[in-house]
Amino acid sequence: MEVLITGGMGYIGSHTCVEMIEAGMTPIIIDNLCNAKAEVLNRIEQITGVKPLFLQGDIRDEAFLDSLFAAHDIHSVIHFAGLKAVGESVAKPLEYYDNNVNGSLVLARAMRKAGVKRLVFSSSATVYGDPQQVPITESSPVGETTNPYGTSKFMVEQCLTDLVHAEPDWSVTLLRYFNPVGAHPSGLMGEDPQGIPNNLMPFIAQVAVGRREKLAVFGDDYSTKDGTGVRDYIHVMDLASGHIAALKGVGEKAGLHVFNLGTGQGSSVLEMVQAFSQACGKPVAYEICPRRPGDIAECWASTEKAERELGWKATRSVAEMAADTWRWQSNNPQGY
């Protein structure tokens, strides 16, 4: 089964490719490499023994997509390609809307021309905005987003929802990720952000390996257990297996399908720092800084729907997330 993976050289896409190959699927990767490295392809091959087909290109290039669909018997698409840094989105909203929203529309148009109507979309818990209550269920209100990144994900969700209403033979699955962390247990693949990391775990890892002096903890005055932000951190390998479960569970069912992918538990920033200190065997230096605009106090998922309808559940612990991240970062101190 050939499955097109947009953004498949990125952090989550690459780990999902490994899971797909091990599940007997054939990923075809497209990526413009704006936030990924070509070396990822070799690492996928090292882990699986299979080197997937990789085509460098942009999802906004409709002629490129048309030629790809014409050349391959694509069964379905998992759409990861998107810019994903909250802070950067506040500074560069046009770039985020162009890549994330416009890119998704071009992709859907090319899919429709090719008669490929099975799509799994990499969405985000940011679509819930500042949640009224936790845990967050799939029926919690969406759209009151706090930054352009979240708004771009919500816009794509709305476009795809309207598409399914207009053309009910599509199968569209929206996977709302919480906070992906961790790395492949081999230590060969992990998160390798360009420039200064925007996410917590890679920043902690770069401090621990000596690339950065200290972690900035944004805010210690939230109404949480220790004053720092609480998030639902999910191991990237659990997240990857969630995509396989979605393809198998609802990929053949027409209609709109929405699932949270998280663990159902929240951990604070300082709890994650402590877990990483234990994994690497030394303290991680940090300093308390003012809150960032657009950040929320706490956010974690209700995972009951994914368990019930997909038979999927996250199984890896915070200790495993920290240990696997440290194995990746210490083996690859400069990333790929």
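Only a predicted model underlies this, so the values are computations on that prediction, with no experimental measurement involved. (Residues numbered from 1 in each chain as written. Predicted model: local features only at pLDDT ≥ 70, side-chain atom pairs only at ≥ 80, totals over all residues. Heavy atoms only, no water.)

## As for the environment of Val134
Here is step 1: Relative to the helices and strands, Val134 is located in the loop between strand S5 (118-124) and helix H6 (148-166).
Here is step 2: Sequence-wise, Val134 and Ser302 are 168 residues apart; in three dimensions their C-alpha atoms are separated by 8.0 Å.
Here is step 3: Non-local contacts of Val134, meaning those with residues more than four positions away in its chain, are made with Glu298, Cys299 and Trp300. (Helix = DSSP H or I, 4+ residues; strand = E, 2+ residues; numbered from the N terminus. Contact = heavy atoms within 4.5 Å.)

## Re the domain arrangement of the chain
Here is step 1: For the chain, the assigned domains read domain 1 (2-181 + 233-261) and domain 2 (183-231 + 265-301 + 315-331).
Here is step 2: The centre of domain 1, based on its C-alpha atoms, is set 24 Å off from the matching centre of domain 2.
Here is step 3: In this assembly, 34 residues from domain 1 lie in contact with 30 residues from domain 2.
Here is step 4: Regarding the contact of domain 1 and domain 2, the summed buried area is about 2900 Å², with carbon and sulfur atoms giving 63% of it. (Domains from an automatic or database assignment. Buried area = accessible area lost by both parts, 1.4 Å probe.)

## Regarding the sheet that holds strand S6 (residues 171-177)
Here is step 1: Reading across from one edge, S3-S2-S1-S4-S5-S6-S11 is the order of the seven strands in this open sheet, with parallel pairing throughout. Taken across any chain shown, the strands that pair with only one partner, and hence form the sheet edges, are strand S3 (53-56) and strand S11 (255-261). Averaged over neighbouring strand pairs, the angle between their axes works out to 20° when direction is ignored.
Here is step 2: Note that strand S4 (residues 74-79) and S5 share three bridges and pair parallel. (Pairing = 2+ DSSP bridges. Axes fitted to C-alpha atoms, helices over the stretch in contact; angles between N-to-C directions.)

## Section: the layout of surface pockets
Here is step 1: Size it by volume and the second largest pocket reaches roughly 200 Å³.
Here is step 2: Around the second largest pocket, the lining is made up of 13 residues, and of these Thr263, Gln265, Arg316, Ser317 and Met321 lie nearest the centre.
Here is step 3: Grouping the amino acids of the lining of the second largest pocket by side-chain chemistry returns four nonpolar, six polar and three charged. (1 Å grid on protein atoms, 1.4 Å probe; cavity = no way out; pocket = protein on both sides within 12 Å on 5 of 7 lines; lining within 4 Å. Points joined across faces, edges and corners; volume = space filled by probe spheres on them. Nonpolar A, V, L, I, M, F, W, Y, C, P; charged D, E, K, R; others polar.)

## So, the side chain of Asp192
Here is step 1: By the element assignment, Asp192 lies in the loop between strand S7 (179-181) and helix H7 (200-208).
Here is step 2: On the basis of relative accessible area, Asp192 is assigned to the buried category, the value being 12%.
Here is step 3: At 3.0 Å, the side chain of Asp192 forms a polar contact with the side chain of Lys37.
Here is step 4: Among the polar contacts made by the side chain of Asp192, one reaches the main-chain amide nitrogen of Tyr336 at a distance of 3.0 Å. (Buried < 20%, exposed > 50% of the residue type's maximum accessible area, 1.4 Å probe, protein only. Polar contact = N/O pair within 3.5 Å; in protein donor to acceptor, adjacent residues only side chain to side chain.)

## A word on the UniProt feature "domain: NAD(P)-binding" (unreviewed entry) in the chain
Here is step 1: When the UniProt feature table is mapped onto this chain, "domain: NAD(P)-binding" (unreviewed entry) is found at residues 4-324.
Here is step 2: Within residues 4-324, the helical portion is 40% and the strand portion 19%, while the C-alpha atoms at the span's ends are 27 Å from each other. (UniProt positions renumbered as here; feature names shortened; annotations may be inferred.)

## Notes on the pairing of strand S2 (residues 26-31)
Here is step 1: For S2, a buried count of five out of six residues is recorded, marking the element as mostly surrounded by other parts of the structure.
Here is step 2: Sheet topology places strand S1 (residues 2-6) next to S2; five bridges connect them, and they run parallel. What sits directly across from Leu4, in S2, is Ile28.
Here is step 3: Taken together, S1, helix H1 (residues 11-22) and S2 constitute a β-α-β crossover, and its handedness is right-handed.
Here is step 4: Viewed along the sheet, the connection from S2 through helix H2 (residues 40-48) into S3 turns out right-handed. (Right-handed = clockwise from strand over helix to strand, strands pointing away.)

## Some details on the packing of aromatic side chains
Here is step 1: Counting across every chain of the model gives two aromatic pairs.
Here is step 2: Seen from their ring centres, Phe276 and Trp326 are 5.9 Å apart, and the 85° between their planes marks the pair as edge-to-face. Of this pair, Phe276 sits in helix H9 (residues 269-280) while Trp326 sits in helix H11 (residues 318-331); the two residues are 50 residues apart in sequence, bridging distant segments of the chain. Across the pair, exposure class does not vary: Phe276 and Trp326 are buried alike.
Here is step 3: On the numbers, 4.8 Å between centres and 50° between planes, the contact of Trp328 with Tyr336 is tilted.
Here is step 4: For Trp328, a relative accessible area of 1% puts it in the buried group.
Here is step 5: Stacked on the ring of Tyr222, the Lys or Arg Arg291 has its end atom at 4.0 Å from the ring centre. (Phe/Tyr/Trp six-rings, centres within 6.5 Å; stacked < 30°, edge-to-face > 60°. Lys NZ or Arg CZ within 6 Å of the ring centre and 35° of its normal.)

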